[in-house]
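Fold and contact review
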Amino acid sequence: MEYVVIFEKGENSYGASVSDLPGCIAVAETLEKVKVLIAEAIQFHIEGLRRDGDDVPQPSSKLPVQSAPNVSSALITAQI
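In this report, we go over the structure that sits alongside the text. Sequence positions are assigned chain by chain, starting from 1 and proceeding in written order. Local features in this predicted model are restricted to residues whose pLDDT is 70 or higher, and side-chain atom pairs enter the listing and the counts only when it is 80 or higher, whereas totals over whole chains, interfaces and linings include all residues. Just so you know, side-chain values use all the structure's heavy atoms and leave hydrogens and water out.

Observations regarding the packing of aromatic side chains
For this analysis, a ring pair means two rings from Phe, Tyr or Trp (six-membered ring only for Trp) whose centres lie within 6.5 Å, classed as stacked if their planes differ by under 30 degrees, edge-to-face if by over 60, and tilted for the remaining angles. According to the stated counting rule, one finds 0 aromatic pairs in the structure shown. When the ring centre of phenylalanine 7 is taken as origin, the NZ or CZ atom of lysine 35, which lies over that ring, is 6.0 Å away. Lysine and arginine charges are scored as sitting over a ring when NZ or CZ, respectively, is within 6 Å of the ring centre and within 35 degrees of the ring normal.

Considerations on the nonpolar core
Residues belong to one nonpolar core when they are buried, are Ala, Val, Leu, Ile, Met, Phe, Trp, Tyr or Cys, and are joined through side-chain atoms within 4.5 Å. Buried residues are those whose accessible area, probed at 1.4 Å on protein chains only, stays under 20% of the maximum for their type, while exposed residues exceed 50% and partly exposed ones sit between those limits. Grouped together as the largest cluster of nonpolar side chains are 17 residues, with contacts concentrated most on Val5, Val18, Leu21, Ile38 and Ile42. By the criteria applied, helices consist of DSSP H or I runs no shorter than four residues and strands consist of E runs no shorter than two, each listed in order from the N terminus. The set of elements that each furnish at least two residues to this core consists of strand E1 (2-9), strand E3 (25-28) and helix H1 (31-51). The element best represented in this core is H1, accounting for 6 residues.

Focus on the pairing of E1
Pairs of strands are assigned from DSSP output, requiring at least two bridges between the strands. Sheet topology places E1 next to strand E2 (residues 14-17); 4 bridges connect them, and they run antiparallel. What sits directly across from lysine 9, in E2, is tyrosine 14. The hairpin formed by E1 and E2 contains 4 residues between the paired strands.

Some remarks on H1
Take the number of residues in a helix, subtract one, and multiply by 1.5 Å to get its expected span. The end-to-end C-alpha distance of H1 is 30 Å, a good match for the 30 Å that 21 residues give at a rise of 1.5 Å each. Of all the residues in H1, the buried ones are Val34, Ile38, Ala41, Ile42, Ile46, Gly48 and Leu49. Relative to the axis of H1, the buried residues are bounded by an arc of 155 degrees and lie together on one face. Opposite its buried face, H1 presents the exposed residues Glu32, Phe44 and Arg51, each directed more than 90 degrees away. Once H1 finishes, glycine 53 follows within two positions and takes phi at roughly 80 degrees, a positive value. Each C-beta atom gives one direction from the helix axis, and the arc is the one those directions make.

Read these as layout, nothing more, since geometry by itself doesn't imply function.
See below:
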């Protein structure tokens, strides 16, 4: 499955969040590192949902429209 990830550049770091998986976030000093961390966070989040017997939300099929210069998005594949 591919989840839409929103990347945001802050003053000193980059943040990433997955709107389909509330609470699934990552922060790092570089964009490359935050991409690795959010991919791991997605896997961990999904494993936790399954372990708790919760449904795993289906990913959105569309990337959001870019609305700010410091915000971007990408699809991240989760092996589930």
